[in-house]
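Structural description and commentary
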Amino acid sequence: MNNKLYSITELAEEFDITPRAIRFYETKNLLAPQRAGATRVYNYRDRARLMLVLRGKRLGFSLEDIKEYIDLYDADRSRTEQLAHLMLVGRRRIEELEQQLEDVQTTLRELRAIENEAIDSLREKGIDPEKAVSDIKAKLVAETA
């Protein structure tokens, strides 16, 4: 087992996060560093837990889901429940992302239709749509200057 200890600054620099973020994860009981006097010291296990927290956040999992997953490691050494939990929250996140993707695609279709209607209307008036957009951009820049 790795016996190396890490300071909060070392972990923050390694994972490109702030010490404040690490302390926040402590308040959520995701990390439990040891103390050397008033100084927090993190072991290999704490570092691994922080990696799991950051990965879970990057994937869009809630801190509650991440905590349940991490806590199951200690409760179930066979990892059966932990892996089943991971599948459950992973599937839920996939469904959320697929719905978001569908919503974004719908919005893009609607925006493209609106743009095409505006292009057609400008052309019917004998106006070059790209010139009209360029003129509006120039006007907006002038107003903010």
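Thresholds applied
- Residues numbered from 1 in each chain as written.
- Predicted model: local features only at pLDDT ≥ 70, side-chain atom pairs only at ≥ 80, totals over all residues.
- Heavy atoms only, no water.
- Helix = DSSP H or I, 4+ residues; strand = E, 2+ residues; numbered from the N terminus.
- Rg over C-alpha atoms; globule rule 2.2 N^0.38 Å.
- Buried < 20%, exposed > 50% of the residue type's maximum accessible area, 1.4 Å probe, protein only.
- Contact = heavy atoms within 4.5 Å.
- Areas by Shrake-Rupley, 256 points an atom, 1.4 Å probe, with all protein chains shown as cover.
- Axes fitted to C-alpha atoms, helices over the stretch in contact; angles between N-to-C directions.
- Parallel < 35°, antiparallel > 145°, perpendicular 65-115°, else oblique.
- Nonpolar A, V, L, I, M, F, W, Y, C, P; charged D, E, K, R; others polar.
- Core = buried A, V, L, I, M, F, W, Y, C linked by side-chain atoms within 4.5 Å.

This part takes up the overall build of the protein chain. Scanning the protein chain for helices and strands turns up 6 helices and 2 strands. Each helix (α) and strand (β) of the protein chain, taken in turn from the N terminus, gives the series α-α-β-β-α-α-α-α. Relative to the 2.2 N^0.38 estimate, which gives 15 Å for 145 residues, the radius of gyration of the protein chain is 25 Å and therefore markedly larger than a compact globule would have. Within the protein chain, the proportion of its 145 residues that are buried is 24%. Long-range pairs, those at least 24 residues apart, make up 46% of the contacts in the protein chain with a sequence separation of at least 6. Carbon together with sulfur atoms contributes 54% to the accessible area of the protein chain, which is approximately 10,800 Å² in total.

Looking now at the packing of helix 1 (residues 8-15) against helix 2 (residues 19-27). Interhelical geometry of helix 1 versus helix 2 gives an angle of 110 degrees and a closest axis separation of 8 Å. With respect to helix 2, the axis of helix 1 lies roughly perpendicular. Here Ile-8, Leu-11 and Ala-12 of helix 1 come into contact with helix 2, specifically with Pro-19, Ile-22 and Arg-23. Looking at side-chain class alone, the contact of helix 1 with helix 2 contains 5 nonpolar, no polar and 1 charged residues.

This part takes up the nonpolar core. Leu-11, Ile-22, Tyr-25 and Leu-50 are the most contacted members of the largest nonpolar core, which totals 18 residues. Every element with two or more residues in this core is listed here: helix 1, helix 2, helix 3 (44-58) and helix 4 (63-75). Examining the composition of this core, we find that 4 residues originate from one element, helix 1, more than from any other. Residue contacts for Ile-22: discarding those within four places in its chain leaves Ile-8, Leu-11, Ala-12, Ile-17, Leu-31, Tyr-42 and Leu-50.

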